[in-house]
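Understanding the architecture of this molecule
Chain by chain, the residues:
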Amino acid sequence: MAFAAIGALLGAGLVAAAAPVQAADENLIVNGGFENGLTGWFVNNGNAADSATLASTADAYAGAAAALVTSRTTTGSGPMQDLSGKVQAGQTYALTARIKYENAAGPATKQFFATMHYGGGTYTNLVSTVATKGQWAQFNGTFTIPAGQSVSTARLFFETPWTATPSAAPDTHLMDFKLDDVSVIGAPPPPPPSKTVEVVGKLPGEHNPLIGHKFGADGFGFVHGGRVYMYMTNDTQGYAPDPVTGVSAAINYGNINQITLISSDDLVNWTDHGEIQVAGPNGVAPFTSNSWAPGMASKMVDGKEKFFLYYANGGGSSNVITGESPLGPWSSERTSTLINGGTPGAEPLVWRFDPAPLVDDDGQSYLYFGGGPAATSMPAAERFNNPKNIRAIELGDDMVSTQGSAVVVDAPVAFEAGHVFKRQGKYYFSYSSHFGGSDFGGNQTPLPGYPGGGQIGYMISDNPMSWTKETYAGVLFPNQSQFFGAGTGGNNHQSVFEFEGKYYFTYHAPTLNKRINGNTTQGYRSPHIQELTFNPDGTIQQVAGNYAGVGQVRNFNPYHVFEAETLGWSKGIATAKIDGGSAQFGASAPNLAVRDVDNGDWTALSAVDFGAGGAKTVTAKLRVLASDARIQVRLDSVTGPVAGTIQVGPPSGGWTEVTAALDGATGVHDVYFTYEGPAGQDLVELDSWKFDRRADLPVTATAQTRCTAGKAYVAVQAGNGHTTPVDITLETPYGTRTFTGVAPGANAYQSFATRSSTVAAGTVTVRAHGTVDGTDVTTVITAAHSGATCA
Ligand SMILES: [Ca+2]
Ligand SMILES: [Ca+2]
Ligand SMILES: [Ca+2]
């Protein structure tokens, strides 16, 4: 993972961007009238001494309910609502509220404040009112938040004026009071700036990084059902490019609680499945805060195949959630973390993260995890060379529990990112090496052959639970900066998967970040894949990173509904989840749309096989956002020949399907969808594509030469294999003849006189015209004949 790194998804919205639109003022308070109980409200807890009881009361200023605060311990103890993220520095707001106190021993009048707590010790009285005992008083004023005020915390509450020892006169300072009809009217904050990657992040012809429209780190390759799934730390989550400079602040791993998922069946065209909300208050496992460095496995449990997604909950613990498919839906079988300080054998570890599962051939499963600083009880040289900071443990049959005690993986110079795969009966453990420093005994010298800083080392063992230092086998992958240059250093996180007979190595590098910002990257990483090859003795040939990546495993089949968020390459677009399941992956799978589609943006697919007959039409499922937009279907490059044009109609609101005819889309081509229309506004949103074949009539053709009376003839025969009559035209250099209504199973035959004693070898053309499924179809085929000399 990421501790020692050295080193929108929504678009601009659907509004025309001609001029900044001033958002209309709105009430920023939730449930200000307390008609929905106490929803949105709690007691100010800015200081430890603050305390009160908040209840709903029927004694309302308006409506059926108000709030009643009792048992106040400080003058600040009063009803509070969190406005963080809703108010902005420099803005002015109008505040109104009704307040009433009634206690018999209290003063005849009393001042109340509406106050904002900006975090820490920063409190500002916003508006005040003086109430007469027993009567509803009104707050009615405005306040302006100072331009320099930090508003990352902004919590509004109601209180009585401060005094040091209010308990000395509780009737004067700590009276009960009622609150109703609270409103704070002002401009809501502007939408967050666009995260759309405007540069071409994955260059046409190159296969690394895997995607160019978002980031993803710590990729774990998982093969299932003929596809490769890549689960990744969602580095895009905290990406926030400055609207002016385009540069984001450095990545903050602490904010990441989603896992990004893409998949492919050819390793070049990747489908974006969006993010899995794993951790955090709304996560699948809300008892975890972070979701880094995923690991994936599947296993038959109680007769049903289940999918297990492991992840690091920050540095201190690891967890697992369960999926019904590689794409979910997801649930948590646990209510606490899987790996933590209570895991037997894991107690000494500082980092109990980076969990990587292995399901062995016999069904026994294992989890590899750990990393971080070595125990200070070891000699310095040992802390550096053999820090013993990685563990292996058996998983229970349910895959969501461990059994027995974790054992040490004595990986040389180990830091983190353990991963195991099995090949030909041998287990391969790979890991990321540390960068030295005080956590590892200071600047020691690696033992000969041991990894340098930030490399991927590996070990080979006969036993998945036995990893002595003698099983170390060398460096599998040097640091990525060796291949991708300035700005791409830092640690790495790898996985290995086998797909259709070849092994592949996954790693990450901030190459998209580099294409956006140059050599001063901010730590946003992108997934890469290289092929992994083995020596005859089972050792691994060291991997070199490059932008070329791996070969496309198979051509892309366009003759089915496939998601528009399937991208070989792209420019200027973003993706976002939309409601409803996926037409391609099923109703319970997530579905995304391609958004932020502007004039000049494009998406592309690599090596699409249209077949010899070619494609007749293309159909897009889309939502039209601008008038006079069109999509060009181009072959081979962004400026290549146009095979068809989709004219999209005027904006209609909902999703619609638009079909266009194609011409020349035969054979294998890269396909570029280029988007054209009025500048400065989003043109369309795209859900899916579908191509349809140009239907062919099943006609056959043969051609022969023969001699009659010293003259050469070319005899052509065409057969109608269709179920209805077709018109057939035989075309030769020596004449053409058309047969209308050739019956099913019948032939058209003509022997054409060349009027010469010799004929060269050549080709004849058979043109058939009929109907297939009610559509007029013309099929053209050819037949070759030999030469002949008849004299
Ligand atoms: Ca009310
Ligand atoms: Ca765009
Ligand atoms: Ca879609």
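Cut-off values and rules
Residues numbered from 1 in each chain as written. Chains lettered and ligands numbered in written order. Predicted model: local features only at pLDDT ≥ 70, side-chain atom pairs only at ≥ 80, totals over all residues. Heavy atoms only, no water. Helix = DSSP H or I, 4+ residues; strand = E, 2+ residues; numbered from the N terminus. Donors = N, O, S within 2.8 Å, 3.2 Å for Na, K, Ca; no water. Tetrahedral: all angles 85-135°; square planar, octahedral: opposite > 155°, others 65-115°. Buried < 20%, exposed > 50% of the residue type's maximum accessible area, 1.4 Å probe, protein only. Phe/Tyr/Trp six-rings, centres within 6.5 Å; stacked < 30°, edge-to-face > 60°. Lys NZ or Arg CZ within 6 Å of the ring centre and 35° of its normal.

1. Thoughts on the environment of T124
Of note, T124 is situated in strand β8 (residues 123-132). Counting along the chain gives ten residues from T124 to A114, while the straight-line C-alpha distance between them is 8.7 Å.

2. What to know about the coordination of the calcium ion (ligand 1)
On the protein side, the calcium ion (ligand 1) has G33 (O), E35 (OE), A62 (O), A65 (O), D180 (OD) and D180 (OD) as donor atoms, found 2.3 to 2.7 Å from it. Bound by six donor atoms, the calcium ion (ligand 1) shows angles of 50 to 166° at the metal and therefore irregular coordination geometry. Written as a sequence motif, the donor residues of the calcium ion (ligand 1) are G-x1-E-x26-A-x2-A-x114-D. Taken together, the positions of E35 in the loop between β1 (26-27) and β2 (42-43) and D180 in strand β11 (residues 177-186) put the pair 145 residues apart, joining distant regions of the chain. The class for E35 is partly exposed, based on a relative accessible area of 44%.

3. Here we look at the packing of aromatic side chains
Under the definition given, this model contains 41 aromatic pairs. Ring geometry for F415 against F440: centres 5.9 Å apart, planes inclined by 75°, an arrangement best described as edge-to-face. Remark: F440 occurs in the loop between β25 (426-433) and β26 (456-461) and F415 occurs in strand β24 (residues 414-423); sequence separation between them is 25 residues. With a relative accessible area of 2%, F440 lands in the buried category. Aromatic pair F484 and Y547: ring centres 5.0 Å apart, planes at 80°, arrangement edge-to-face. Taken together, the residues F484 in helix α3 (residues 481-484) and Y547 in the loop between β30 (526-532) and β31 (562-563) connect sequence positions 63 residues apart. According to the relative accessible area criterion, F484 is buried, its value standing at 4%. The ring of F534 carries R423 above its face, with NZ or CZ at 3.8 Å from the centroid.

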